[in-house]
Amino acid sequence: MTTELTLHQRRRPATPQELAGIPWLALLGPAERERAVADIKVGDALSGDYVCRVGRPVTYWFGVVEGLLKMSSDNEQGQTITFSGLPPGGWFGEGTVLKREVYRYNIQALRRSVVAGLPADTFHWLLDHSIAFNRFVMNQLNERLAQFIAAREIDRMVNPDLRVARNLAALFNPVLFPGVGEMLRITQQELAYLVGLSRQRVNEALSSLQEQGIIRVEYGGLRILDLPALRSNPFPLRSHA
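In this report, we go over the structure that sits alongside the text. Because the structure is predicted, anything quoted here is derived from the model rather than measured.

Here is what the cut-offs are and how they apply
Residues numbered from 1 in each chain as written. Predicted model: local features only at pLDDT ≥ 70, side-chain atom pairs only at ≥ 80, totals over all residues. Heavy atoms only, no water. Helix = DSSP H or I, 4+ residues; strand = E, 2+ residues; numbered from the N terminus. Rg over C-alpha atoms; globule rule 2.2 N^0.38 Å. Buried < 20%, exposed > 50% of the residue type's maximum accessible area, 1.4 Å probe, protein only. Contact = heavy atoms within 4.5 Å. Areas by Shrake-Rupley, 256 points an atom, 1.4 Å probe, with all protein chains shown as cover. Lys, Arg positive; Asp, Glu negative; His and termini not counted. Charge placed at Lys NZ, Arg CZ, Asp CG, Glu CD. Expected span 1.5 Å × (residues − 1). Arc of directions from axis to C-beta. Pairing = 2+ DSSP bridges. 1 Å grid on protein atoms, 1.4 Å probe; cavity = no way out; pocket = protein on both sides within 12 Å on 5 of 7 lines; lining within 4 Å. Points joined across faces, edges and corners; volume = space filled by probe spheres on them. Nonpolar A, V, L, I, M, F, W, Y, C, P; charged D, E, K, R; others polar.

### Focus on the overall build of the chain
Okay, step 1: From N to C terminus, the chain includes nine helices and 12 strands.
Okay, step 2: For a compact globule of 241 residues, the expected C-alpha radius of gyration is about 18 Å, and the chain comes in at 18 Å, within 12% of that figure.
Okay, step 3: The dimensions of the chain, computed from C-alpha atoms along their principal axes, are 60 × 45 × 35 Å.
Okay, step 4: Among the 241 residues that make up the chain, the fraction classed as buried is 47%.
Okay, step 5: Of all intrachain contacts in the chain linking residues separated by at least 6 positions in sequence, the fraction that spans at least 24 positions is 72%.
Okay, step 6: For the chain, the accessible area works out to roughly 12,600 Å², and carbon and sulfur atoms hold 51% of it.
Okay, step 7: Mean positive and mean negative side-chain charge positions of the chain (27 and 24 charges, respectively) differ by 2 Å.

### Concerning helix 8 (residues 199-211)
Okay, step 1: Counted at 1.5 Å a residue, the expected span for helix 8 with its 13 residues is 18 Å, and the 18 Å between its end C-alpha atoms agrees.
Okay, step 2: All of the buried residues along helix 8 are Val 202, Ala 205, Leu 206, Ser 208 and Leu 209. Relative to the axis of helix 8, the buried residues are bounded by an arc of 160° and lie together on one face. Exposed residues lying more than 90 degrees from the buried face of helix 8 are Gln 200 and Glu 211.
Okay, step 3: Structurally, helix 8 contributes buried residues whose contacts are with helix 6 (160-171), helix 7 (188-195), strand 11 (215-218), strand 12 (221-224) and helix 9 (227-232).
Okay, step 4: Two residues or fewer past helix 8, Gly 213 is found with a positive phi of approximately 75°.

### As for the sheet that holds strand 11
Okay, step 1: With antiparallel pairing, the three strands of this open sheet are ordered in space as 10-12-11. Taken across any chain shown, the strands that pair with only one partner, and hence form the sheet edges, are strand 10 (183-184) and strand 11.
Okay, step 2: Two elements, strand 10 and strand 12, share two bridges in a ladder whose sense is antiparallel. When the sheet's bridge partners are listed, Leu 184 is paired in strand 12 with Leu 222.

### With respect to the layout of surface pockets
Okay, step 1: In this structure, the largest pocket occupies an estimated 540 Å³ of space.
Okay, step 2: Tallied by class, the residues present in the lining of the largest pocket amount to 11 nonpolar, five polar and seven charged.
Okay, step 3: Counted as a void, the second largest pocket has a volume near 460 Å³.
Okay, step 4: Around the second largest pocket, the lining is made up of 16 residues, and of these Gly 95, Thr 96, Tyr 105, Arg 144 and Phe 148 lie nearest the centre.
Okay, step 5: Of all the secondary-structure elements, those providing two or more residues to the lining of the second largest pocket are helix 3 (94-99) and helix 5 (131-155).
Okay, step 6: Broken down by element, the lining of the second largest pocket gets its largest block of residues, five residues, from helix 5.
Okay, step 7: Among the residues forming the lining of the second largest pocket, the class breakdown is seven nonpolar, three polar and six charged.

### Topic: the environment of Pro 88
Okay, step 1: The residue Pro 88 is located in the loop between strand 6 (80-86) and strand 7 (91-92) in this model.
Okay, step 2: The class for Pro 88 is partly exposed, based on a relative accessible area of 23%.
Okay, step 3: Each C-alpha atom, one on Pro 88 and one on Val 115, is 9.2 Å from the other, the two residues being 27 residues apart in sequence.
Okay, step 4: Once residues lying within four places of it in the same chain are set aside, the contact partners of Pro 88 are Val 64, Val 65, Glu 66, Gly 67, Phe 177, Gly 179 and Val 180.

### Some remarks on the pairing of strand 8 (residues 106-109)
Okay, step 1: Of the two faces of strand 8, the one lined by Asn 106 and Gln 108 and the one lined by Ile 107 and Ala 109 are each fully buried.
Okay, step 2: Sheet analysis places strand 3 (residues 50-52) next to strand 8, joined by two bridges and oriented antiparallel. Across the sheet, Cys 52 pairs through a bridge with Ile 107, a residue of strand 8.
Okay, step 3: Relative to strand 8, strand 5 (residues 69-74) is paired through four bridges, and the arrangement is antiparallel.

Laid out in structure tokens, this is it:
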């Protein structure tokens, strides 16, 4: 009987193309970059694989090279609370790595994804040796705090159009997710998982946003035409929503 390898057991060295998609590597000096590149590992996550689990000790600082992950946890009633989607270019869990705590959230792949990991010891070594790396991590923490505050507000919204719009805007954050650009590769079902609505409700909201010229639904994903509108428009509740 064969046993399927875990994501950790499937780890491998990163390819040059994968390293090129890691935003903070370019900020490092030669010695720091050499150390980081030597220690970075990547894993090919299958849909449903857990990258992090609640209660597990921290071992790596993780980032998304390709694909889409979901950060979530379960409350006392057993309901899943989604904090964020994690598209390409996004690195996450720096607060947990800084404090060397156990994870307080789950990170799960919504589709086949390539996930990079920097060992926790190397993360702390870079903090001790690179001012540029410190600034990157500080910006991450600051932006992440704002994201989580916004996520709590979004979670209370009853207007489907508003929920979809604000969640999409969060996925197009250039600080946290620099690898997205103007086109987000996501299916309506994946977006429904992140938003916490049915696929039908998400489809209706996307159609409405497209009619307003804010997004364009394209093959394999969504193109953002008006990011400020996604972030701030009120989107009155439609009578048929």
